[in-house]
Amino acid sequence: MNLVATVVVAFWAMLPAYVPNNAAVLFGGGAPIDGGRTWGGRRVLGDGKTWRGTAGGTVTGVLVALVLSAVAPTVGDALDVAVPTFPLAAAVALAFGAMLGDVLASFLKRRTGRERGAAFPLVDQLDFVVVALALAALVAPEWFGTWFTLPVLAVVVVLTPLLHVGTNMIAYQLGLKDEPW
Ligand code: CTP
Ligand code: MG
Ligand code: K
């Protein structure tokens, strides 16, 4: 695979994990997952992790995967790059894994004394990638091995923080997000 194809595959394969975090911002609100509970004097997760945001983000990510699967042959032909379709297990793993990674990061943030909305560089940008990929590798190992080759994984690690910072900046400018990270 040449570099362009590698970048296209990395972006395509990761889209179902990229969208949930942004979708959660739109769906957010309502009851927090931790029910307001604290641990060691601090919130377990905080008000930024809600049932609605998590469910909305996950469902949106799975829908993105379904749409990508439907158009993969057409787009693949047009770009002359073979792009992945998503078995349901992989779609759910990527979308839910992304949300779970974000929740785990908030858990870590609260344990390290960071208030809701505080920046946690690198953890903010890669938490969801690590858990999404780990879950996908677990539930759809063959599919994962086919598409997430070492070069694709390398592109994901470089591309994701850039995209994450970019989309969050846009969400902040649009007034959807309280902080630009
Ligand atoms: N959100 C949500 N449920 C999630 C993730 C996000 O409802 N599982 C919504 C919340 O309204 C949240 C917003 O999306 O405030 C932005 O997400 P994020 O930046 O991850 O949360 P923060 O409010 O910054 O909280 P934290 O410091 O815990 O990351
Ligand atoms: Mg935040
Ligand atoms: K976050």
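Residues numbered from 1 in each chain as written. Chains lettered and ligands numbered in written order. Predicted model: local features only at pLDDT ≥ 70, side-chain atom pairs only at ≥ 80, totals over all residues. Heavy atoms only, no water.

As named in an unreviewed UniProt entry, the chain is CDP-archaeol synthase, taken from Halorubellus litoreus. Of the comments in the UniProt record for the chain, the one headed Sequence similarities (unreviewed entry) reads "Belongs to the CDP-archaeol synthase family." The chain has a UniProt comment under Pathway (unreviewed entry) that states "Membrane lipid metabolism; glycerophospholipid metabolism." (UniProt positions renumbered as here; feature names shortened; annotations may be inferred.)

Caption draft 1: Region of the structure containing the site of ligand 1. Of all residues adjacent to ligand 1, which total 17 residues, the nearest are Lys49, Thr50, Ser106, Arg116 and Gly117. At 3.4 Å from an oxygen atom of ligand 1 is found a side-chain nitrogen or oxygen belonging to Asp102. Note that an oxygen atom of ligand 1 is positioned 3.0 Å from one of the side-chain N or O atoms of Lys177. About the coverage of ligand 1: the protein hides 89% of its 560 Å² of free accessible area. Contributing elements (two or more residues each) for the shell around ligand 1: α1 (3–27), α2 (51–79) and α3 (88–111). Considering each element in turn, the shell around ligand 1 owes the most residues, 4 residues, to α3. For the shell around ligand 1, the residue count by class is 2 nonpolar, 7 polar and 8 charged. (Near = heavy atom within 4 Å. Polar contact = N/O pair within 3.5 Å; in protein donor to acceptor, adjacent residues only side chain to side chain. Areas by Shrake-Rupley, 256 points an atom, 1.4 Å probe, with all protein chains shown as cover. Helix = DSSP H or I, 4+ residues; strand = E, 2+ residues; numbered from the N terminus. Nonpolar A, V, L, I, M, F, W, Y, C, P; charged D, E, K, R; others polar.)

Caption draft 2: Representation of the nonpolar core within the structure. Membership of the largest hydrophobic core comes to 36 residues, with the highest contact counts inside it found for Met14, Phe86, Trp143, Phe148 and Val156. Counting residues per element, the ones that place at least two in this core are α1, α2, α3, α4 (123–139), α5 (141–147) and α6 (150–173). Top contributing element to this core by residue count: α1, with 9 residues. (Core = buried A, V, L, I, M, F, W, Y, C linked by side-chain atoms within 4.5 Å. Buried < 20%, exposed > 50% of the residue type's maximum accessible area, 1.4 Å probe, protein only.)

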